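Chain and residue survey
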Amino acid sequence: MATSVLSKPAAKGGSFLLESPAPQDIFTPADITDDQKLIGQTAEEFVVKEVLPVAKDLEAKKPGLMAELTRKAAELGLMSGATPEEYGGAGLDKIATTVLTEKISIYGGFATTHGAHAGIGTLPLVYFGTEEQKKKYLPKLASGEFIGAYCLSEPQAGSDAQNLLTRAALNKEGTHYILNGQKMWITNGGFADLYIVFAKVDGEKLTAFIVERTFPGCKPGNEEHKMGIHGSSTTPVFLENCMVPKENVLHEIGRGHIVAFNVLNAGRFTLGASCVGGSKHVLATASKYSKERKAFGKQIGDFGLIKEKLAEMAIRMYAVESMIYRSAGYMEAAMNAAAGSGNKSQNMMKALEEYAIESSIAKVYGSEMLDYVVDEAVQIFGGYGFHEDYPVCRAYRDSRINRIFEGTNEINRMLIIQMLMKRAMSGQLALIPAAMKLADEILAGPSFEETPEGILAEEARTIANAKKMFLQAAGGALQKYREKLADEQELVATLSNMVMEIYAMESSLLRAQKAAAAKGEAAASVMVDAARVFISDAAERVDHYAKRAIAAVHEGDMLTTQMAVLKRFGKRPVVDTIALRRRVAAAVQAQDRYPFEGR
Ligand SMILES: Cc1cc2nc3c(=O)[nH]c(=O)nc-3n(C[C@H](O)[C@H](O)[C@H](O)COP(=O)(O)OP(=O)(O)OC[C@H]3O[C@@H](n4cnc5c(N)ncnc54)[C@H](O)[C@@H]3O)c2cc1C
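Let me sum up the structure you'll find in this document. Keep in mind that this is a model prediction, so the values were computed, not measured. (Residues numbered from 1 in each chain as written. Predicted model: local features only at pLDDT ≥ 70, side-chain atom pairs only at ≥ 80, totals over all residues. Heavy atoms only, no water.)

**What to know about the overall build of the protein chain**
Counted only if it meets this: Segments assigned H or I by DSSP are reported as helices when at least four residues long, segments assigned E as strands when at least two residues long, and all are numbered from the N terminus. Radius of gyration: C-alpha atoms only; globule rule: 2.2 Å multiplied by the number of residues to the exponent 0.38. Each residue gets one of three labels from its accessible area relative to the maximum for its type: buried under 20%, exposed over 50%, partly exposed in between, using a 1.4 Å probe on protein chains only. Charged residues are defined narrowly, with Lys and Arg counted positive, Asp and Glu counted negative, and His plus the chain ends left uncounted. Taken as the charge location is NZ of Lys, CZ of Arg, CG of Asp or CD of Glu.
Secondary structure summary: the protein chain contains 19 helices and 10 strands in total. At 24 Å, the protein chain has a C-alpha radius of gyration in line with the 25 Å of a compact globule built from 599 residues. Expressed as lengths along the three principal axes of its C-alpha atoms, the size of the protein chain is roughly 80 × 60 × 45 Å. Counting across all 599 residues of the protein chain, residues that qualify as buried make up 58%. Here the protein chain holds 69 positive side-chain charges and 72 negative ones, and the gap between their average locations is 1 Å.

**Topic: the pattern of salt bridges**
For clarity, the cut-off: The salt bridge criterion pairs a side-chain nitrogen of Lys or Arg with a carboxyl oxygen of Asp or Glu, the two atoms within 4 Å.
In the structure shown here, the tally under the stated rule is 30 salt bridges. A salt bridge links Asp 202 to Lys 205; the nearest nitrogen and oxygen atoms lie 3.6 Å apart. Taking relative accessible area as the criterion, Lys 205 reaches 34% and is therefore assigned partly exposed. With a shortest N-O distance of 3.0 Å, Lys 291 and Asp 592 are connected by a salt bridge. One end of the pair, Lys 291, is in helix H8 (residues 256-292); the other, Asp 592, is in the segment after helix H19 (577-591), and 301 residues separate them in sequence. Classification of Asp 592 by relative accessible area gives buried; the value is 15%. Salt bridges linked by common partners bring Glu 102, Lys 103, Lys 280, Glu 321, Arg 511 and Glu 597 together as one network.

**Points about the nonpolar core**
We apply this condition: We define the nonpolar core as a collection of buried residues of types Ala, Val, Leu, Ile, Met, Phe, Trp, Tyr and Cys that are connected through side-chain atoms lying within 4.5 Å of one another.
If you look at the biggest cluster of nonpolar residues, it comprises 171 residues, and the most contacted ones within it are Leu 179, Phe 198, Phe 209, Val 211, Ile 361, Phe 470 and Met 505. Examining the composition of this core, we find that 17 residues originate from one element, helix H9 (residues 304-338), more than from any other. Formed by 24 residues, the second largest nonpolar core is a distinct cluster that contains Leu 69, Ala 73, Met 79 and Ala 96.

**Comments concerning the pairing of strand E1 (residues 148-151)**
Where we set the bar: Strands pair, by our definition, only if DSSP identifies at least two bridges between them.
Across the two faces of E1 the burial is the same, with Gly 148 and Tyr 150 and Ala 149 and Cys 151 all buried. Bridge count between E1 and strand E4 (residues 194-201): 4 bridges; the pairing is parallel. From the neighbouring strand, Ala 149 faces E4, where its bridge partner is Tyr 195.

**A look at the layout of surface pockets**
The criterion, for reference: Within this scheme a cavity is a closed region of a 1 Å grid, computed over the protein atoms alone, that accommodates a 1.4 Å probe without allowing it to escape, whereas a pocket is open but has protein on both sides within 12 Å along at least five of seven lines; lining residues each have an atom within 4 Å of a point. Grid points are joined across faces, edges and corners, and a volume is the space filled by probe spheres set on the points. Throughout, the ten residues Ala, Val, Leu, Ile, Met, Phe, Trp, Tyr, Cys and Pro are labelled nonpolar, Asp, Glu, Lys and Arg are labelled charged, and all others, Gly among them, are labelled polar.
The volume enclosed by the second largest pocket comes to roughly 770 Å³. Considering the residues around the second largest pocket, the lining is formed by 42 residues, among which Gly 81, Ala 82, Gly 91, Leu 92 and Asp 93 are closest to the centre. For the lining of the second largest pocket, the element with the most residues is helix H4 (residues 94-104), which contributes 5 residues. Considering only residue class, the lining of the second largest pocket consists of 18 nonpolar, 16 polar and 8 charged.

**Thoughts on the packing of helix H16 (residues 489-519) against helix H17 (residues 525-553)**
Note the threshold: Angles shown run from 0 to 180 degrees and are taken between the N-to-C directions of axes, each axis being a line fitted to C-alpha atoms and, for helices, limited to the stretch in contact. Note on terminology: angles under 35 degrees are roughly parallel, angles over 145 are roughly antiparallel, angles of 65 to 115 are roughly perpendicular, and the others are oblique. Left-handed describes a crossing in which the near helix is turned anticlockwise from the far one by less than a right angle; the clockwise case is right-handed.
At a minimum axis separation of 9 Å, H16 and H17 run at an interaxial angle of 160 degrees. The pairing of H16 with H17 is recorded here as roughly antiparallel in orientation. Crossing handedness for the pair H16 and H17: left-handed. Partitioned by chemical class, the residues of the contact of H16 with H17 number 21 nonpolar, 3 polar and 5 charged.

**Digging into the packing of aromatic side chains**
Heads up, the rule is: In this scheme Phe, Tyr and Trp rings, the latter by its six-membered ring, pair at centre separations within 6.5 Å, and the angle between planes marks the pair as stacked below 30 degrees, edge-to-face above 60, and tilted otherwise.
Scanning the model with the defined rule gives 14 aromatic pairs in all. On the numbers, 5.3 Å between centres and 65 degrees between planes, the contact of Tyr 150 with Phe 198 is edge-to-face. Within this pair, whereas Tyr 150 is found in strand E1, its partner Phe 198 is found in strand E4, the two being separated by 48 residues in sequence. Ring pairing ties together the aromatic residues Tyr 289, Phe 381, Tyr 384 and Tyr 390, which thus form one cluster.

**Focus: helix H1 (residues 34-51)**
The test is simple: Helices are assigned an expected span. That span is 1.5 Å times one less than the residue count. By arc we mean the arc of the directions from the helix axis to the C-beta atoms, nothing more. Two residues form a contact once any of their heavy atoms are found within 4.5 Å.
Helix length check: H1 (18 residues) gives 24 Å between terminal C-alpha atoms against 26 Å at 1.5 Å per residue, within 8%. Listing the buried residues of H1 in full gives Gln 36, Ile 39, Gly 40, Ala 43, Phe 46, Val 47 and Val 51. Down the axis of H1, the buried side of the element spans an arc of 120 degrees, and every buried residue falls inside it. Of the exposed residues in H1, the ones pointing more than 90 degrees away from its buried face are Asp 34 and Lys 49. On its buried side, H1 packs onto helix H2 (55-59), helix H3 (65-75), H4 and helix H5 (108-120).

**A short note on the site of the ligand**
For the record, the criterion: The criterion for a residue being near a molecule or strand is simple. One of its heavy atoms has to lie within 4 Å of it. Side-chain atoms alone can form a polar contact between residues adjacent in sequence; in general such a contact is a pair of N or O atoms within 3.5 Å, and within protein one must be able to donate a hydrogen while the other accepts it. All accessible areas in this document rest on Shrake-Rupley with a 1.4 Å probe, and a residue is counted as covered only by the protein chains that are shown.
As a structural note, the neighbourhood of the ligand is formed by 20 residues, with Tyr 150, Ser 159, Trp 185, Thr 408 and Glu 410 the closest of them. Within the side chain of Thr 408, an N or O atom sits 2.7 Å from an oxygen atom of the ligand. Protein burial of the ligand: of its 970 Å² of free accessible surface, 68% is covered by the chains. Contributing elements (two or more residues each) for the shell around the ligand: E1, strand E3 (176-187) and helix H13 (409-425). A class-by-class count of the residues in the shell around the ligand yields 11 nonpolar, 7 polar and 2 charged.

**What to know about the side chain of Thr 83**
Relative to the helices and strands, Thr 83 is located in the loop between H3 and H4. A relative accessible area of 2% places Thr 83 in the buried class.

**Considering helix H7 (residues 131-143)**
To keep it simple, the criterion reads: Think of it this way: the bend at a residue is just the angle between two axes, each fitted to seven residues, one set ending at that residue and the other starting at it.
For H7, which comprises 13 residues, the first-to-last C-alpha distance of 18 Å matches the rise-based estimate of 18 Å (1.5 Å per residue) to within 8%. Along H7, the largest kink reaches about 30 degrees and is centred on Tyr 137; proline Pro 139 follows within four residues of it. Those residues of H7 that sit buried are Gln 133, Lys 134, Tyr 137, Leu 138, Leu 141 and Ala 142. Residue Gly 144 follows H7 closely and has a positive phi angle near 85 degrees.

**A short note on empty space enclosed by the protein**
Inspection of every chain in the model, using the stated rule, returns 2 cavities of 30 Å³ or more. When its volume is computed, the largest cavity comes out at roughly 60 Å³. Taken together, Glu 458, Glu 459, Thr 462, Ile 535, Ser 536, Ala 539, Arg 572, Pro 573 and Val 575 make up the full set of residues lining the largest cavity. Going through the elements one at a time, helix H15 (457-481) and H17 are the ones with two or more residues in the lining of the largest cavity. Residues of the lining of the largest cavity, tallied by class, amount to 4 nonpolar, 2 polar and 3 charged. Size it by volume and the second largest cavity reaches roughly 30 Å³.

No statement about biological role is implied by the geometric values presented.
What follows is the structure, encoded as structure tokens:
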């Protein structure tokens, strides 16, 4: 498949905090090729024509229906995007799998089923399987003959997954591992044929196993009664003296954590893409409704407060979509750079590892964006939004899980800073020299700054200053707490919020600048408006987080000095976000859809 390649080598993971790439150096949705779009179109058509019409039956858990649809989607290659062609998969590049995920995610129940099968249920084999294991299982997963599931969580161990109690011991004959334990919350649990199960060999060595449903002692439990994603299956899986052939150890004994966490990395990025897809459908539904519903003799969509909601939904979606495709572009470029050396799946895994910070950002920021979008959609529908007969009600319930699975947003917030600090300490990321340089700049006092020129130039300066605020806040926090920083969770999460806002702001900025350069300022004007609103509001949030972090680290005269410095970095022009949001709302309402699709 034709792949769009960035003009420059991909930036290193996390380096967005230190560098300012040129707009042409990032991938944006406008760079998606026709082939990649076609895959998205096939996925969307499948969901619209095959899945949505039977959504009521899926929600009621009509026996066999979700499994049947999964198999149908597999026949179209929609369930094996990341599986190499030699094992029967679609062998798509990272951009195409991202487009596929986005477009297949209109209905939460199916999006979850897809993620568990094509993502976390299949990728352990793609990345870590032996040749024999891949040949045996991947074609079956790709064709839908087998449906996959990923079994890490247990009743007492979710976030703290390494505390799992499932045990594995080699039998006397040395032919099978005997697994005993209970897995909890397993997506696709009720109808999966293949479970990737994590257990501790001899009570301590965390190991991944490939477990077929038909293996003696493997027994899924009853469906859980969930708040949302009713169309998807979630069950416990019981392992009672379950006999697993020793050839079904995945990767190495005692290296299960490597399998588990690398696969979750991939899952987190995918979840972010899925949230973008889900939100687009919700915005379209809400915009249409705003024209149908009348109050006070007007369409409710004519009221400023409804326009403001539609605009803000689109603006937050724009920011997340910009981040997701920027990151996908980096991953794809990193893979292309590694092509020719080593194995393709391994290269993909390394690329995912390199951008693990960006993947956690995609997960957290994407899921919180979707929660915002569905919440406002319910509000636009008023009382009808609270009724099961209306689609936004289901979307609202379905969205909530995204902040919980694939690592809760609390865990991911902490991971973002943990991974950044690890990179900083190992010298992979020059955060410490940058913080020291900033300290010198602060000591030197204010310098004359030229007025920036060009489209969104003021916003570019705002972002450069936000990066300085982060270095100021993180530098102080690290100096004070050093290796104990992780214990200061509220501070860590505050720093993490700054990191996410910076990536979101910059991705929004660069995409709008790239669009304006390619199509002209007039054609890109609404996108520029969206970027300006987003950056203006996000800068306020960064300001707030920086104050909070600095107040937690310094006191007395030092605190006063730090706050004065912060004020200097916080200078930025005032933006009329009400007027700009009205323009974005008009663009949404003109077509009843997200206005920046493919742009
Ligand atoms: C519908 C659904 C589908 C799922 N699918 C799968 C699946 O297919 N496979 C699978 O293996 N698992 C799956 N899960 C499990 C999911 O990954 C876990 O629920 C999740 O990781 C959270 O774990 P927990 O529920 O045990 O919550 P806990 O870990 O008990 O967390 C409870 C709260 O405490 C917070 N917390 C925990 N530790 C810390 C900490 N160190 N610092 C600060 N806060 C902390 C959490 O953020 C959360 O807010 C699914 C769950 C659901 C509900």
